[in-house]
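Tertiary structure, described
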Amino acid sequence: MEEVPVKPLHISENARRVLEARYLRRDARGRIAESPEDLFARVARAVAGAELRFGGPGAAARWEGRFRRLMTGGYFLPNSPTLMNAGTALGQLSACFVLPVPDTMEGIFGAVRDMALVQRTGGGTGFSFSRLRPAGDLVASTGGAASGPVSFMKIFDCATENIRQGGKRRGANMGVLRVDHPDVLAFVRAKLDGVSLQNFNLSVGVTDAFMEAAAAGRTYPLVHPRTGERVGRLDAAEVLAAMAEAAWACGDPGLLFLDAVARANPVPELGPIEATNPCGEVPLLPYESCNLGSLNLARLVRGDGTGARLDRRRLRRLAAEAVRFLDDVIEVCRYPLQPLAEAAAATRKIGLGVMGFAEMLVRMGISYDSDEAVAVAGDVARELAEAALAASRELARERGPYPAWRRGGPAGDVPVRNATRTAIAPTGTLGIIAGTSAGIEPFFALAYRRRALDGEILTEVNPLFEAAARAHGLDPRRLVEDVRRRGRLSAVPDVPETLRSRFVTALEVPPERHLAVQAAFQRHVDNSVSKTVNLPPAATPADVAAVFRRAWELGLKGITVYRYGSKAGQVLELGAGD
Ligand code: ADP
């Protein structure tokens, strides 16, 4: 196999700050004790340790070198817990977990405890609260009234508030409730007060039947989770409107399309999938986890401008190496609970994805808001999925398929090492470390303030944009000043159309285009796709409802919208001026 040539990743000022604050190891006196290069070497060595079990010391040394080059070259980064914890005493490397919440006091508080044990290692946790009896329901042992899912979620939220993950970041949760749960409307409105459940993302689990009922103006039944009895009916369109209104006002809830998830479940015999990890890109069974990693598409463009194209061969080769990396992560990860170790061993789910999609388009001279961008998205996703599947099959030949695999199952007749192989993560922090655009999102703005690391404000101007402005004979400093003040290029007069369209930002991209890009990736990705459909401040609740309906029609597994300005203290703020 060819070696990956290493042009080392340029570590920007912002990347350095993030690495120093949270990722680089410290000595007993709290002083930073490694460089970014040391970090990548530590991770490569720890992960390649898995190769000792399969191929011996020679293989381990060889793969250690390859893994290190993947990271130092800026081609690939694993999820944050791997970067933070590989080769340390903690040793927990996964970003995504789902924990069950049974409808008993022992079950609920057991889940709170499990959550705490996962979160202190840096993992994010997702839950379905659909099994909890509704508020006001009878509690047999006391004759009293039950609190209901939303009330119990506040206990999870409060616990998360008080767990700092190794002192590095606060935990993140996903809470899912089925649309036929009697408390669904309380759940939909749970975050509207702007103070409740701030450590949760919310998703309503909706079925095809519900979406059809909403389209046809029909009612649908509410089902008691304990008895299975029908306990009432709601107007589906009104409930969808309530979700849209809440999402319009505060960003939550999103929707989780349960039937689309079920159709893609690689191991339905292990049970139904009811929840996802915090950012939604990985649907998981109870106790399952997933290791994520992302290839940096910005590093995979050959040439410049109109002649530039995606280097497919390199994408495929890097994807194969990354799949091996992520399968090795499962081997060496130290799971904080025994059922987590068992579930990870049974299905061996991994989620290889991409970051830097928007930067790649800019380098190729393609506007994010174009049919060409959607075609490129489909192209990248297909290459990624095919390469990952081929690599996982190769690993199955070498190491055996995942234990829950069976011939003739949904995955077909060819043994595969990993029940799932691809997912598109948000890469919120990885994108900063790699110095590229997050996940498959368009650039949010060309100049903006980023509130990071406990309130610190960082100012960022897109360097690609600065260079392009210069190439157009424009005074970059004046233009950047203008963009800085107005937030986006389309608000600045006298900018050439080519420049404007190439640097189109998230709020200028129409919702249909956001959805089309998400759908193009989802068509090939076997987990889910983390994507936010950004809406301008003037968007209406009806616009949000339309996005929800369209997402379902497109066969997406989930949908999240965000209307600019609807959240106080948002992470990204347009414009860098005052
Ligand atoms: P990163 O860039 O830090 O690797 P992503 O933004 O790609 O992380 O998020 C990937 C997944 O990592 C999320 O879906 C979630 O499961 C987990 N995650 C992200 N941020 C946190 C957090 N603050 N606490 C716990 N888990 C998190």
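Residues numbered from 1 in each chain as written. Predicted model: local features only at pLDDT ≥ 70, side-chain atom pairs only at ≥ 80, totals over all residues. Heavy atoms only, no water.

The tally for this structure, following the rule as stated, stands at 13 aromatic pairs. Both rings, one in Phe-357 and one in Tyr-368, keep their centres 5.8 Å apart while their planes meet at 75°; by these two values the pair is edge-to-face. Taken as a pair, Phe-357 in helix 14 (residues 357-363) and Tyr-368 in the loop between helix 14 and helix 15 (371-399) lie far apart in primary sequence, 11 residues in all. For the pair shown, Phe-357 and Tyr-368 are each scored as buried. One aromatic cluster in this structure is built from Trp-63, Phe-67, Phe-76 and Phe-325. Taking NZ or CZ as reference, Arg-66 lies 4.5 Å from the ring centre of Trp-63, over its face. Over the ring of Tyr-75 we find Arg-299, and its NZ or CZ is 5.6 Å from the ring centre. (Phe/Tyr/Trp six-rings, centres within 6.5 Å; stacked < 30°, edge-to-face > 60°. Helix = DSSP H or I, 4+ residues; strand = E, 2+ residues; numbered from the N terminus. Buried < 20%, exposed > 50% of the residue type's maximum accessible area, 1.4 Å probe, protein only. Lys NZ or Arg CZ within 6 Å of the ring centre and 35° of its normal.)

Okay, the domain arrangement of the chain next. In terms of domain boundaries, the chain breaks down into domain 1 (96-276) and domain 2 (445-557 + 568-574). A C-alpha centroid distance of 30 Å is found between domain 1 and domain 2. At the junction of the two partners, domain 1 supplies 17 residues and domain 2 supplies 14 residues. Interface area, domain 1 with domain 2, both sides summed: about 1300 Å², of which 75% is carbon and sulfur. At the boundary of domain 1 with domain 2, the tally comes to 0 salt bridges. Linking domain 1 with domain 2 are 3 residue pairs in polar contact (both at pLDDT 80 or more). Those elements that place two or more of their residues in the side of domain 1 that touches domain 2 are helix 9 (208-216), helix 10 (236-250), strand 12 (254-257) and helix 11 (258-263). Broken down by element, the side of domain 1 that touches domain 2 gets its largest block of residues, 6 residues, from helix 10. In terms of residue class, the side of domain 1 that touches domain 2 is built from 13 nonpolar, no polar and 4 charged. (Domains from an automatic or database assignment. Contact = heavy atoms within 4.5 Å. Buried area = accessible area lost by both parts, 1.4 Å probe. Salt bridge = Lys/Arg side-chain N within 4 Å of Asp/Glu carboxyl O. Polar contact = N/O pair within 3.5 Å; in protein donor to acceptor, adjacent residues only side chain to side chain. Nonpolar A, V, L, I, M, F, W, Y, C, P; charged D, E, K, R; others polar.)

Near the ligand you find 23 residues, and of these Ser-80, Arg-170, Asn-277, Thr-427 and Gly-428 are the closest. Here an oxygen atom of the ligand and a backbone polar atom of Ala-95 are 3.1 Å apart. Measuring from a nitrogen atom of the ligand, one finds a backbone N or O atom of Gly-124 at 3.3 Å. Grouping the amino acids of the shell around the ligand by side-chain chemistry returns 9 nonpolar, 11 polar and 3 charged. (Near = heavy atom within 4 Å.)

Here we take up the side chain of Ser-203. When you line up the elements, Ser-203 lands in strand 9 (residues 200-206). We classify Ser-203 as buried; its relative accessible area is 8%. Excluding its chain neighbours within four sequence positions, the residues that come into contact with Ser-203 are Met-174, Gly-175, Val-176, Leu-177, Phe-187, Pro-253, Gly-254, Leu-255 and Leu-256.

Take unusual backbone geometry next. Backbone torsion omega between Asp-252 and Pro-253 reads 5°, so that peptide bond is classified as cis. Of note, the phi angle at Thr-427 is positive, near 50°, even though the residue is not glycine. By the secondary structure assignment, Thr-427 is in the loop between helix 15 and helix 16 (430-434). One non-glycine residue, Asp-494, lies in the positive phi region at around 65°. Relative to the assigned elements, Asp-494 resides in the loop between helix 18 (476-486) and helix 19 (497-502).

All right, on to the packing of helix 9 against helix 10 then. Direction vectors running N to C along helix 9 and helix 10 enclose 100°, while the axes themselves pass 7 Å from each other. Classified by the angle between their axes, helix 9 and helix 10 sit roughly perpendicular to one another. Residue-level contacts link Phe-210, Met-211, Ala-213 and Ala-214 of helix 9 to Ala-236, Ala-237, Val-239, Leu-240 and Met-243 of helix 10. Along the lines of polarity and charge, the residues of the contact of helix 9 with helix 10 split into 9 nonpolar, no polar and no charged. (Axes fitted to C-alpha atoms, helices over the stretch in contact; angles between N-to-C directions. Parallel < 35°, antiparallel > 145°, perpendicular 65-115°, else oblique.)

Here the focus is the layout of surface pockets. By volume, the second largest pocket is sized at about 430 Å³. If you list the elements that add at least two residues to the lining of the second largest pocket, you get helix 15 and helix 20 (511-522). Sorting elements by how many residues they give to the lining of the second largest pocket places helix 15 first, with 4 residues. A class-by-class count of the residues in the lining of the second largest pocket yields 13 nonpolar, 6 polar and 7 charged. When residues of the lining of the second largest pocket are sorted by domain, at least three fall in each of domain 1 (96-276) and domain 2 (445-557 + 568-574). (1 Å grid on protein atoms, 1.4 Å probe; cavity = no way out; pocket = protein on both sides within 12 Å on 5 of 7 lines; lining within 4 Å. Points joined across faces, edges and corners; volume = space filled by probe spheres on them.)

Where charged atoms from two side chains of opposite charge come close, those side chains can pair. Overall, the coordinates contain 39 salt bridges when judged by the stated rule. Close ionic contact of Asp-114 with Arg-113 constitutes a salt bridge, the shortest N to O distance being 3.0 Å. What makes Asp-114 buried here is its relative accessible area of 8%. The partner of Arg-363 in a salt bridge is Glu-359, and the shortest N-O contact between them spans 2.8 Å. Here Arg-363 pairs with Glu-359, and both are found in helix 14, just 4 residues apart, close to one helical turn. Beyond isolated ion pairs, a larger network of salt bridges with shared partners links Glu-51, Arg-53, Arg-324, Asp-327, Asp-328, Glu-331, Arg-348, Glu-398, Arg-399 and Arg-417.

All right, on to the confidence of the model for the chain then. In this model, the chain carries an average pLDDT of 92, and 94% of its residues clear a pLDDT of 70 or more. Complex prediction metrics read pTM 0.95 and ipTM 0.94. (pLDDT = per-residue confidence, 0-100.)

Let us now look at the packing of helix 1 (residues 13-23) against helix 2 (residues 36-48). For the pair helix 1 and helix 2, the least separation of the axes is 11 Å and the interaxial angle reads 55°. Overall, the two elements helix 1 and helix 2 adopt an arrangement that is oblique. Handedness of the crossing formed by helix 1 with helix 2: left-handed. Residues Arg-16, Leu-19 and Tyr-23 of helix 1 form the contact with helix 2, whose own contacting residues are Pro-36, Leu-39 and Arg-42. (Left-handed = near helix turned anticlockwise from the far one by under 90°.)

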